[in-house]
Amino acid sequence: MRQIIAGNWKMNGTLAGVTAYAGALRAQASPATLIICPPFPLLPAFASAFAGSDIGLGAQDCHANASGAHTGDVAAGLIKEVGAAYVILGHSERRADHAESNAVVAGKVKAALAAGLAPIVCVGESETERDAGEAEDVVRTQLTHSLPEEFIGLVAYEPIWAIGTGRTPTPADITAMHAAIRAALVAQFPKTGATTPILYGGSAKPSNAGAILALPEVGGALVGGASLQAAEFLAIAASARVV
Ligand code: 13P
């Protein structure tokens, strides 16, 4: 399987920029599976711009219910209808900004799966938790409670203190955490846990991508800031390998 390089645009991007960005991605053959997760209003434009390519499209959240009186929220079915195949769930920014608990995330994962979307479920410890030696326990708890029994999808390990800071864990720390996540997934999901892709996220950029993507059990990267420029995103993807 090719490594997966997913771009999380967060609350960035414009409609005017979609054509050039998508064109740049389409123009360059990549050793990775590429996925772009833009803000909701850009999904239809990206779906058109990626049509006929193998570049994946994802949203950054969905609601746990299929429809209803939830002002401002977006249903997984609508995300699927406009052409996305993935949805990022449980990102630490949503857990913090919107008080999303593991139980809330699990409800969203169920909704995504029911709608036919592949969830990309984010986990990761704070700096305080890492300093206290609790990082693996925190992540294991997030996995246990954020992933419902029907889970099939991707997991992204994103240490909160590495997001947007330019800091990354050491290769040894990434290796240890990805091994811990793999073991937890195999225990929780005997049929699929061994093959669930585990992406690394947090200050991934062209200069560190090669070293990170070479580590065992790293199935790809979830890229924030460095995904906003097509050239940078493609430079990260150029380091991808078959795992
Ligand atoms: P940065 O790559 O900007 O650190 O963001 C990582 C992230 O949160 C991706 O979801």
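Structural data are supplied above this passage.
In this text, all values refer to a predicted model and were calculated from it rather than measured experimentally. (Residues numbered from 1 in each chain as written. Predicted model: local features only at pLDDT ≥ 70, side-chain atom pairs only at ≥ 80, totals over all residues. Heavy atoms only, no water.)

A.B. asks: Can you walk me through the packing of helix H1 (residues 18–27) against helix H2 (residues 43–50) in this structure?
C.D. replies: Axis angle and axis distance: for two packed helices, these are the angle between their axes and the distance between the axes, and together they describe the pair. Relative to each other, H1 and H2 sit at 35°, their axes nearing to 9 Å. Seen from above, H1 lies across H2 with right-handed handedness. Within the contact between the two elements, H1 uses Val18, Tyr21, Ala22, Leu25 and Arg26 and H2 uses Ala45, Phe46, Ala49 and Phe50. Its residues assigned to classes, the contact of H1 with H2 comprises eight nonpolar, no polar and one charged. (Axes fitted to C-alpha atoms, helices over the stretch in contact; angles between N-to-C directions. Helix = DSSP H or I, 4+ residues; strand = E, 2+ residues; numbered from the N terminus. Left-handed = near helix turned anticlockwise from the far one by under 90°. Contact = heavy atoms within 4.5 Å. Nonpolar A, V, L, I, M, F, W, Y, C, P; charged D, E, K, R; others polar.)

A.B. asks: Would you take a moment to explain helix H5 (residues 102–114) for this structure?
C.D. replies: Helical geometry: 3.6 residues make up each α-helical turn, so side chains three or four residues apart lie on a common side. Helix length check: H5, at 13 residues, gives a terminal C-alpha distance of 18 Å against a target of 18 Å (1.5 Å per residue), a fit within 8%. When H5 is considered as a whole, its buried residues turn out to be Asn102, Val105, Ala106, Gly107, Lys108, Val109, Ala111 and Ala112. Turning to H5, the residues buried within the fold contact helix H3 (76–81), strand E4 (86–89), helix H4 (92–97), strand E5 (118–123) and helix H7 (135–146). Positive phi shows up at Gly116, right after H5, with a value of about 90°. (Expected span 1.5 Å × (residues − 1). Buried < 20%, exposed > 50% of the residue type's maximum accessible area, 1.4 Å probe, protein only.)

A.B. asks: Please explain the site of the ligand as it appears in this structure.
C.D. replies: Around the ligand, the structure places 13 residues, and the nearest of them are Lys10, His91, Gly164, Ser203 and Gly225. Contact distances for the ligand include 2.8 Å between an oxygen atom and a side-chain N or O atom of His91. In this structure, an oxygen atom belonging to the ligand sits 2.6 Å away from a main-chain N or O atom of Gly164. Relative to its unbound accessible area of 310 Å², the ligand is 94% covered by the protein chains. (Near = heavy atom within 4 Å. Polar contact = N/O pair within 3.5 Å; in protein donor to acceptor, adjacent residues only side chain to side chain. Areas by Shrake-Rupley, 256 points an atom, 1.4 Å probe, with all protein chains shown as cover.)

A.B. asks: What am I meant to see in the sheet that holds strand E1 (residues 4–8) here?
C.D. replies: Hydrogen bonds between backbone groups are what pair the strands of a sheet, and the pairing can be parallel or antiparallel. Read around the closed barrel, the eight strands follow the order E1-E2-E3-E4-E5-E6-E7-E8; overall the barrel is parallel. Strand after strand, the sheet turns through a mean of 25° between neighbouring axes, direction not considered. Pairing analysis gives two bridges linking strand E2 (residues 33–37) to strand E3 (residues 56–59), with the strands arranged parallel. In the sheet register, Ile35 faces E3, and the bridge partner there is Gly56. Across the sheet, H2 touches E2 and E3, and the angle it forms with E3 is around 175°. (Pairing = 2+ DSSP bridges.)

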